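# Examination of the molecular architecture
Each chain, written out:
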Amino acid sequence: MTEKNILLELDPLFHPKSLAILGASSKEGKLGRLFMERFIETGFQKLYPVNPREVEILGVKAYPSLTDIPGPVDLALILTPPASVIASVKECVAKGVKGIIITTAGFGEGGEKGKELEREMVRIAREGGARIVGPNCIGIYCPSSRLPFPRGPAMESGSVGIVSQSGSFADHLSLIATLNGVKFSKAISSGNECDLNTLDFLEYLGEDSETRIIIAYFEGIRDGRRFYQLAREISKKKPIIAWKSGTTEAGARAAASHTGALAGSRPIWEGVFRQVGIINVNSLEEVLDCLYAFYFQRMPRGKKVAIITGPGGPAVGTTDACLDLGLEVPQFSENTKNELYKVIPPVGTSVGNPVDLSIASAEAPKVYGDVIRILGRDENVDMLLAIGNGGREFDDTIIEAMKESKKPLLVTLIMPIEWVLQDFKLLQTNSIPVYTDPRKAANALAKLANYAEFRRRYEV
């Protein structure tokens, strides 16, 4: 793949002018109907459902075969049963289709016979000048081209790209993140990767000018050397947040049955990730935690964190968490302490680090904003972590102070989520990442700081 220009090679997959759905259906509960509904909903224009038993599907003219469609077809989505997929690929080649997405499962993940079928479909496609995404995937999500995922992430373009061997991960992540203000450039569910694979798409997203942050989920990589070289070069210019699953014996067996991927041991992968600057995560929740920090906040210049807390209890534990994660909890300058003394009531509070606002945070909520502005000016502080109960502590003046911060700032609300839903919404709407536990916020800051340190090594 690297011998050719990756953007020229793969761009047609993301920007098709026409698309055919082989196995489109009008029947409720069928995947062919779900995809038809989504493409109609997103407003994709040249949409051609293919089904020999249908004349019209959801108001769109259907065709008995791909070759009956007038004019060219750029991209084909194959939803047909496993036994007919090879015939569908041949039909795509006969029509001159250059991009083929196969959602059908039951191939390489099932054993050697399925792998033989995958090799045959690749041979047919390559001879016809076509490339395959999948099988066993949900395809491509590209808002600018109106290409949807099944469950309906927003169609407003952004700057986050996803490549995932798991379709449900890509679909679920994009859906949750869009609800919280994140916008995506492109997302790929690569499935079994009989032809195009994670590294091809990783290289593409690394070169794609619309993509600023990359999320990767993979269960196995076939070319370790290429992965190392690609990831190291991409990480110098944009962050890769990666979840490598299948790093235990049981996980490796699950990966083999899921996408047919070959896994590897956790210590080896963690070591590789450190060397190439990848942000290593181990769950969907941690992916989201880091994504919000990287998407909404700027890079810090160092690892020094100022902790601001209303409830006093979490202060010590949060300090421990920061230090455990390799962050620093510095002393403030004398000038900063003097400024803090002027705005913080003297009873039950502290101007050390952590800054303990005690009951003042609830009785005089403006103090949060004042403290944030003061700490933002301290040369000993690179990042801020604010902990609160929610409710009266946060209002528009505090939000403005947080938005004015020229240093990364994350917020933790420790009260039950159902009590502070409005506060979560207020913060997220204003592009301020908010967490349910201080350690999660500290972990996100540590990932941000470590990546910033990696980037600084390669700054000219």
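Attention in this report is confined to the structure presented alongside it.

## Focus on the overall build of the protein
When you go through the protein residue by residue, the secondary structure sums to 17 helices and 18 strands. Taking 2.2 N^0.38 as the reference for a compact globule, 460 residues should give roughly 23 Å; the C-alpha atoms of the protein span a radius of gyration of 25 Å, in line with that estimate. Projected onto its principal axes, the C-alpha coordinates of the protein cover approximately 80 × 45 × 40 Å. Out of the 460 residues belonging to the protein, those deemed buried represent 57%. Here the contacts in the protein between residues at least 6 apart in sequence split such that 74% fall between residues at least 24 apart. Working note: accessible area of the protein is about 19,300 Å², and carbon and sulfur atoms make up 52% of it. Averaging the coordinates of the 54 positive side-chain charges in the protein and doing the same for the 55 negative ones gives two points 3 Å apart.

## A few points about the environment of L75
Among the secondary structure elements, L75 is positioned in strand β5 (residues 75-78). Between the C-alpha atoms of L75 and G99, which are 24 residues apart in sequence, the distance is 4.7 Å. L75 has contacts with L13, P16, S18, L19, A20, V97, G99, I100, I101 and L147, leaving out every residue within four places of it along the chain.

## Some thoughts on the packing of aromatic side chains
Between two aromatic rings, the relevant description is the distance of the centres plus the angle of the planes. Applying the stated criterion across every chain, the model contains 19 aromatic pairs. Taken together, a centroid distance of 5.2 Å and an interplanar angle of 55 degrees make the contact between F454 and Y458 tilted. Here F454 falls in the buried class, since its relative accessible area comes to 3%. Each member of the aromatic cluster is reached from another via a ring pair, and the members are F218, F227, W269 and F273. The ring of Y63 has K61 lying over it, and the distance from NZ or CZ to the ring centre is 5.0 Å.

## Details of the packing of helix α1 (residues 6-14) against helix α6 (residues 198-207)
Here α1 crosses α6 at 100 degrees, and the two axes come no closer than 10 Å. Judged by the angle between their axes, α1 and α6 are roughly perpendicular. Facing α1, whose interface residues are I6, L7, L10, D11, L13 and F14, α6 presents D200, F201, E203, Y204 and E207. When the residues that make up the contact of α1 with α6 are grouped by side-chain class, the tally is seven nonpolar, no polar and four charged.

## Thoughts on the pattern of salt bridges
Here the idea is simple: oppositely charged side chains can pair when their charged atoms come close. Tallied over the full model, the rule gives 28 salt bridges. Residue E210 is joined to K186 by a salt bridge in which the shortest nitrogen-to-oxygen separation is 2.6 Å. Taken together, the residues span a long stretch of sequence, with E210 in the loop between α6 and β11 (213-218) and K186 in strand β10 (residues 184-189) at a distance of 24 residues. Overall, E210 belongs to the partly exposed group, its relative accessible area being 37%. On the basis of relative accessibility, which here comes to 0%, the residue K186 falls in the buried class. Here D289 ties to K440 by a salt bridge, and the two come within 3.9 Å at their closest N and O atoms. On the criterion of sequence distance, the pair formed by D289 in helix α10 (residues 284-296) and K440 in helix α17 (residues 438-456) is long-range, its members being 151 residues apart. Connected through shared salt-bridge partners, E9, R126, R131 and D195 make up one network.

## A word on unusual backbone geometry
A cis amide bond links G134 with the next residue in sequence, P135, at an omega value of -5 degrees. Along the chain, the position of P135 falls in the loop between β7 (131-133) and β8 (139-141). Its identity is not glycine, yet L58 carries a phi of approximately 55 degrees, on the positive side. Note on placement: L58 falls in the loop between β3 (56-57) and β4 (60-61). In this structure L58 comes out as partly exposed when scored by relative accessible area, which is 35%. Non-glycine residue S431 carries a positive phi angle of around 60 degrees. Within the element layout of this structure, S431 appears in the loop between α16 (421-429) and β18 (434-435).

Reading the values: rules and limits
- Residues numbered from 1 in each chain as written.
- Predicted model: local features only at pLDDT ≥ 70, side-chain atom pairs only at ≥ 80, totals over all residues.
- Heavy atoms only, no water.
- Helix = DSSP H or I, 4+ residues; strand = E, 2+ residues; numbered from the N terminus.
- Rg over C-alpha atoms; globule rule 2.2 N^0.38 Å.
- Buried < 20%, exposed > 50% of the residue type's maximum accessible area, 1.4 Å probe, protein only.
- Contact = heavy atoms within 4.5 Å.
- Areas by Shrake-Rupley, 256 points an atom, 1.4 Å probe, with all protein chains shown as cover.
- Lys, Arg positive; Asp, Glu negative; His and termini not counted.
- Charge placed at Lys NZ, Arg CZ, Asp CG, Glu CD.
- Phe/Tyr/Trp six-rings, centres within 6.5 Å; stacked < 30°, edge-to-face > 60°.
- Lys NZ or Arg CZ within 6 Å of the ring centre and 35° of its normal.
- Axes fitted to C-alpha atoms, helices over the stretch in contact; angles between N-to-C directions.
- Parallel < 35°, antiparallel > 145°, perpendicular 65-115°, else oblique.
- Nonpolar A, V, L, I, M, F, W, Y, C, P; charged D, E, K, R; others polar.
- Salt bridge = Lys/Arg side-chain N within 4 Å of Asp/Glu carboxyl O.

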